[in-house]
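Analysis of the macromolecular model
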Amino acid sequence: MQQLDEIRANTLPLIEKAENLSALDAVRVGVLGKNGSLTGLMKNMGVMSPEERKTFGATVNAVKNEIVSALDAKKAALEAKEMADKLAAESVDVTLPARPVQQGRIHPTTQAMEEALTIFAQMGFELAEGPDVEDDWHNFEALNLPKEHPARQMQATFFFDNKNMLRTQTSGVQIRTMENQKPPIKIVCPGRTYRRDYDATHLPEFHQIEGFVVDEKANLANLKSVLVEFFKLFFETDDVQVRFRPSYFPFTEPSYEMDLGGVLARNIGKEWIELLGCGVVDPRVLQNCGIDPDKYQGFAFGVGLDRLAMMKYGIPDLRPMFEADMKWIKHYGFVPLDIPTVTSGLSLNGGKKCD
Ligand code: DAH
């Protein structure tokens, strides 16, 4: 009984003095643990007489309960203090400056697309769009490229099955437009195009703008003036020359490749830069869409947009254009003039060049 008194007298102050939860737990283990002092005393009960055991047992339990409730009370107090200390240490300093908000950039291809479409709109062209997943009729057949035509192989195509593919050119939008609209037609068709290509100057995914005009008189002279005017406005210079070389496209007859001369070519040490395909719409293409080729005629052109963006903004290499490298886009991208909002949708007004 005396030992019991001592344990009680020693333990209660130790509990009171414990400075943290682990010190408190050490006190608990010292008294109530497997080898604890109180646990040791309780083991002696086996050798006591029944009377002794009764009184001793009652006192041991009382002391044990007293110690356990002292431990619980101290534990709750220490936990509350720990939480209060943590809250004090982690309090938010509202006077700290905010982290800068990262602003997105407009991709040069998007910017070039916007600038080009704006110019064509000013020249009276309407916007026409078609699906990226195209069928054989619109991507090939109706464009005068029947199944066994060797020119199909020139366009390394991503097929889904015999009938469906990723479009290799925006020219299919010519067909889709003629199926829904009678002449006069004067459209530009921008969009993504796809081919199984990958090297320094070709990527599997790229962008084109197609121009397409059909009416009773549209002719090669009109084609030339549209293209010269477009390039003057797009490259912001009067020093533009164009040259037409005979070429072959199944959907135009005659067909040409247009080269660009003037300051842009000289800038890269050349006299001419091969730029686009064009020609007079083949009568068969009109016929395929139920348009009378004796009454109507037209011209078409298709130009690679990524190339135009590189030339206009001085981008030396095609490949990083679609690698989503933040440093690259920060350097070559455009700061949006309007911050897009959920209600207004994406700003398509373009941006301004930043340094
Ligand atoms: N679709 C052709 C290509 O991807 C480009 C082209 C050439 C489009 C001549 C035309 C055209 O409209 O008349 O290579």
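Predicted, not measured: the structure shown is a model, and the values here were computed from it. (Residues numbered from 1 in each chain as written. Predicted model: local features only at pLDDT ≥ 70, side-chain atom pairs only at ≥ 80, totals over all residues. Heavy atoms only, no water.)

1. Points about the pattern of salt bridges
The following threshold applies: A carboxyl oxygen of Asp or Glu within 4 Å of a side-chain nitrogen of Lys or Arg is what we treat as a salt bridge. For the purposes of this entry, the term helix denotes a DSSP run of H or I that reaches at least four residues, the term strand denotes a run of E that reaches at least two, and both are numbered from the N terminus. In this scheme, a residue with accessible area under 20% of its type's maximum is buried, one over 50% is exposed, and one in between is partly exposed, where area comes from a 1.4 Å probe on protein chains only.
Taken as a whole, this structure holds 20 salt bridges when the rule is applied. One salt bridge connects Glu66 with Arg8, and the closest N-O pair in it is separated by 2.7 Å. With Glu66 in helix H4 (residues 50-89) and Arg8 in helix H1 (residues 2-17), this pair connects stretches of sequence that are 58 residues apart. The class of Glu66 is partly exposed, set by a relative accessible area of 31%.

2. So, the environment of Trp137
For clarity, the threshold we go by: Whether two residues are in contact is decided by their heavy atoms: any pair within 4.5 Å suffices.
Within the secondary structure, Trp137 is located in helix H6 (residues 136-139). Spatially, the C-alpha atom of Trp137 lies 8.9 Å from that of Ile175, the residues being 38 residues apart in sequence. Discounting chain neighbours no more than four positions away, the residues touching Trp137 are Ala142, Leu143, Ile175, Glu179 and Asn288.

3. Quick look at the nonpolar core
Quick note on the threshold: In plain words, nonpolar cores are sets of buried Ala, Val, Leu, Ile, Met, Phe, Trp, Tyr and Cys residues tied together by side-chain atoms within 4.5 Å.
In terms of nonpolar packing, the biggest core is built from 49 residues, with Phe120, Ile209, Phe230, Phe231, Leu260, Phe301 and Leu308 touching the most fellow members. In terms of residue count, the dominant contributor to this core is helix H8 (residues 220-235) (eight residues). Leave out the neighbours within four places in its chain, and Phe231 touches Glu236, Val240, Met258, Leu260, Leu275, Leu276 and Leu308. If you look at the next biggest cluster of nonpolar residues, it comprises 19 residues, including Val173, Ile175, Met178 and Ile291.

4. Notes on the packing of H1 against H4
Rules: Fitted lines through C-alpha atoms serve as axes, helices being fitted only where they are in contact, and the angles separating the N-to-C directions of these axes extend from 0 to 180 degrees. Should an angle lie under 35 degrees it is considered roughly parallel, over 145 roughly antiparallel, and from 65 to 115 roughly perpendicular; all remaining angles are considered oblique.
Across the interface, H1 lies against H4 with an axial gap of 10 Å and an inter-helix angle of 5°. Overall, the two elements H1 and H4 adopt an arrangement that is roughly parallel. Taking contact as the criterion, the partners of Leu4, Ile7, Arg8, Thr11, Leu12, Ile15 and Glu16 in H1 are, on H4, Phe56, Thr59, Val60, Val63, Glu66, Ile67, Ala70, Leu71 and Lys74.

5. Digging into the sheet that holds strand S6 (residues 240-249)
The criterion, for reference: Strand pairing is defined by DSSP finding a minimum of two bridges between the two strands.
Here we have seven strands laid out as an open sheet, ordered S1-S4-S5-S9-S8-S7-S6, and mixed in their pairing. Sheet topology places strand S1 (126-127) and S6 at the edges, where each strand pairs with a single neighbour. Here eight bridges tie strand S5 (residues 205-215) to strand S9 (residues 297-304), and the two strands are oriented antiparallel to one another. Directly across from Glu210, in S9, lies its bridge partner Gly302. With respect to the sheet, helix H7 (residues 172-180) is in contact with strand S4 (185-194), S5 and S9, its orientation differing from that of S4 by roughly 140°.

6. Quick word on the side chain of His107
Cut-off, in case you're wondering: Pairs of N or O atoms are called polar contacts if they sit within 3.5 Å, as long as, within protein, a hydrogen donor faces a hydrogen acceptor (for residues adjacent in sequence, only side-chain-to-side-chain pairs).
Along the chain, His107 falls in the loop between H4 and helix H5 (108-122). The exposure class of His107 is buried, given its relative accessible area of 17%. Among the polar contacts listed, one links the side chain of His107 to the backbone nitrogen of Thr109, at a separation of 3.0 Å. Reaching out from His107, the side chain makes a polar contact with the backbone oxygen of Met321 at a distance of 2.6 Å.

7. Some words on helix H11 (residues 305-313)
Extensive coverage of H11 is indicated by the burial of seven of its nine residues. The positive-phi residue at the C-terminal boundary of H11 is Gly314, with phi of around 65°.

8. Considering the packing of aromatic side chains
Here is the rule: For this analysis, a ring pair means two rings from Phe, Tyr or Trp (six-membered ring only for Trp) whose centres lie within 6.5 Å, classed as stacked if their planes differ by under 30 degrees, edge-to-face if by over 60, and tilted for the remaining angles.
All chains considered together, the criterion is met by eleven aromatic pairs. Residues Phe230 and Phe234 carry aromatic rings whose centres are separated by 5.4 Å and whose planes lie at 20° to one another, so their mutual orientation is stacked. Of this pair, Phe230 and Phe234 both sit in helix H8, four residues apart, roughly one helical turn. Take Phe230: its relative accessible area is 2%, and that puts it in the buried class.

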